[in-house]
Amino acid sequence: MRRLRFALFGNVYQPKKAVAVQKLLCLLEQREAELYIDRSFYEYLTQNLRLSVRATGLIEDNLFEADIVVSMGGDGTFLETASRVGDKGIPLLGINMGRMGFLADVTADEIEQAIAHIYDEACCVEKRSVLRLEYSQGAPATSPFALNEIAVLKRDNSSMISIRVDINGEYLTTYQADGLIINTPTGSTGYALSVGGPIMSPLGGMLGLVPVAPHSLNVRPITLCDDAVIDLTVASRSGNFLVAIDGRSEPCSENIRLRVTRAAHDIRILRRPDNSFFRTLRNKLAWGTDIRIES
């Protein structure tokens, strides 16, 4: 039996996960796996949930090594874990303890099967593109990389913001809107979907440009090749705005220009052999369901 190294990250706000965590820990112990746990998650399991956890070591920062990374939580936890993985190229498995579970698509009942697939080398690995954000002055306060989306949003008052967009040095348009989302194919089923963006196949080489509440009847979302260089110049009545990188928000001054490009690295997501993006669409979003037809 191969001795694999697992790195475990999790949401510390879901007390009902104790049974699922115990199941995972038991399965990994049976396989004699090395288990490294994020310190904050370890303290939550041992102090809040009162679980007995045998860990090979604790993860203090982003300088860790593993064969498999496991995220226990919802899609928000998955995105945070992906930012911790960064450019390491370690496959990431998401166990859903939240609601939707579009990225973290393994349920608590499927943990045993998922671990078996990993050891049987039956899982496939999907390489998902990542966005990179750069400022004309300084740098983002958090990680500049996003698996889902980078959003520019209004701040402080109800007035719209003005967002000039240049693609590969050519002027596209200036959006008058509450914001603008630049999303990867993975992020097309997230925030972008909720404001009318198109669903993209996760392995497609494209980006989405989706305005948030645009003050125009002839402004629609568009898709771009993912080698595009997107420059944003923002003006607002308050002189500042928000930038959200996979939900990690920070204020930004309007004198700072933004550049969004595809990052040099991808995030590798583990998919079980019996699952697919289109199956997830049908099951999670009721894609194509006709309510006129009784089940």
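Above: the structure in question.
First things first, this report covers the structure right here in the doc. (Residues numbered from 1 in each chain as written. Predicted model: local features only at pLDDT ≥ 70, side-chain atom pairs only at ≥ 80, totals over all residues. Heavy atoms only, no water.)

### Points about the environment of L224
Right, so step 1: Position of L224 relative to the elements: it lies in strand β14 (residues 222-225).
Right, so step 2: Exposure remark for L224: the relative accessible area of 15% places this residue in the buried category.
Right, so step 3: Linking L224 and G208, residues 16 residues apart in sequence, is a C-alpha distance of 6.3 Å.
Right, so step 4: Non-local contacts of L224, meaning those with residues more than four positions away in its chain, are made with I167, G205, M206, L207, L209 and I230. (Helix = DSSP H or I, 4+ residues; strand = E, 2+ residues; numbered from the N terminus. Buried < 20%, exposed > 50% of the residue type's maximum accessible area, 1.4 Å probe, protein only. Contact = heavy atoms within 4.5 Å.)

### A word on the pattern of salt bridges
Right, so step 1: Counted by the stated rule, this structure contains 16 salt bridges.
Right, so step 2: Between D67 and R5 there is a salt bridge, with its nearest N and O atoms 3.3 Å apart. Linking D67 in the loop between β3 (57-59) and β4 (68-73) with R5 in strand β1 (residues 5-10), this pair joins segments that are 62 residues apart in sequence.
Right, so step 3: Under the relative-accessibility criterion, D67 is labelled partly exposed at 28%.
Right, so step 4: Between D105 and R271 there is a salt bridge, and its shortest N-O distance comes to 2.5 Å. Residue D105 is found in the loop between β5 (92-96) and α4 (111-119), and its partner R271 is found in strand β19 (residues 267-271); the two are separated by 166 residues along the sequence.
Right, so step 5: Judged by its relative accessible area of 7%, D105 falls in the buried class.
Right, so step 6: Residue classification places R271 among the buried residues on the basis of a relative accessible area of 3%. (Salt bridge = Lys/Arg side-chain N within 4 Å of Asp/Glu carboxyl O.)

### Some remarks on the sheet that holds strand β18 (residues 258-262)
Right, so step 1: The strand order across the open sheet formed by 6 strands is β8-β7-β18-β15-β10-β11, and the pairing between neighbours is antiparallel. Edge strands, defined here as strands with exactly one partner in the open sheet, are β8 (145-146) and β11 (170-177).
Right, so step 2: Where strand β10 (residues 161-167) and β11 come together, 7 bridges link them in antiparallel fashion. Bridge pairing in β11 places R164 opposite T174. (Pairing = 2+ DSSP bridges.)

### Re empty space enclosed by the protein
Right, so step 1: Summed over the entire model, instances satisfying the criterion amount to 2 cavities of 30 Å³ or more.
Right, so step 2: Around the largest cavity, the lining residues are L79, A82, S83, G86, V130, S143, F145, A146, L147, D246, H265 and I267.
Right, so step 3: Secondary structure elements with two or more residues in the lining of the largest cavity: α3 (75-85) and β8.
Right, so step 4: Element by element, the count of residues in the lining of the largest cavity is highest for α3, at 3 residues.
Right, so step 5: Within the lining of the largest cavity, the residues separate by chemical class into 7 nonpolar, 4 polar and 1 charged.
Right, so step 6: In this structure, the second largest cavity occupies an estimated 40 Å³ of space.
Right, so step 7: Residue lining of the second largest cavity: F102, L103, R128, P185, T186, T189, P202, R271 and F277, and that is the complete set.
Right, so step 8: Considering only residue class, the lining of the second largest cavity consists of 5 nonpolar, 2 polar and 2 charged. (1 Å grid on protein atoms, 1.4 Å probe; cavity = no way out; pocket = protein on both sides within 12 Å on 5 of 7 lines; lining within 4 Å. Points joined across faces, edges and corners; volume = space filled by probe spheres on them. Nonpolar A, V, L, I, M, F, W, Y, C, P; charged D, E, K, R; others polar.)

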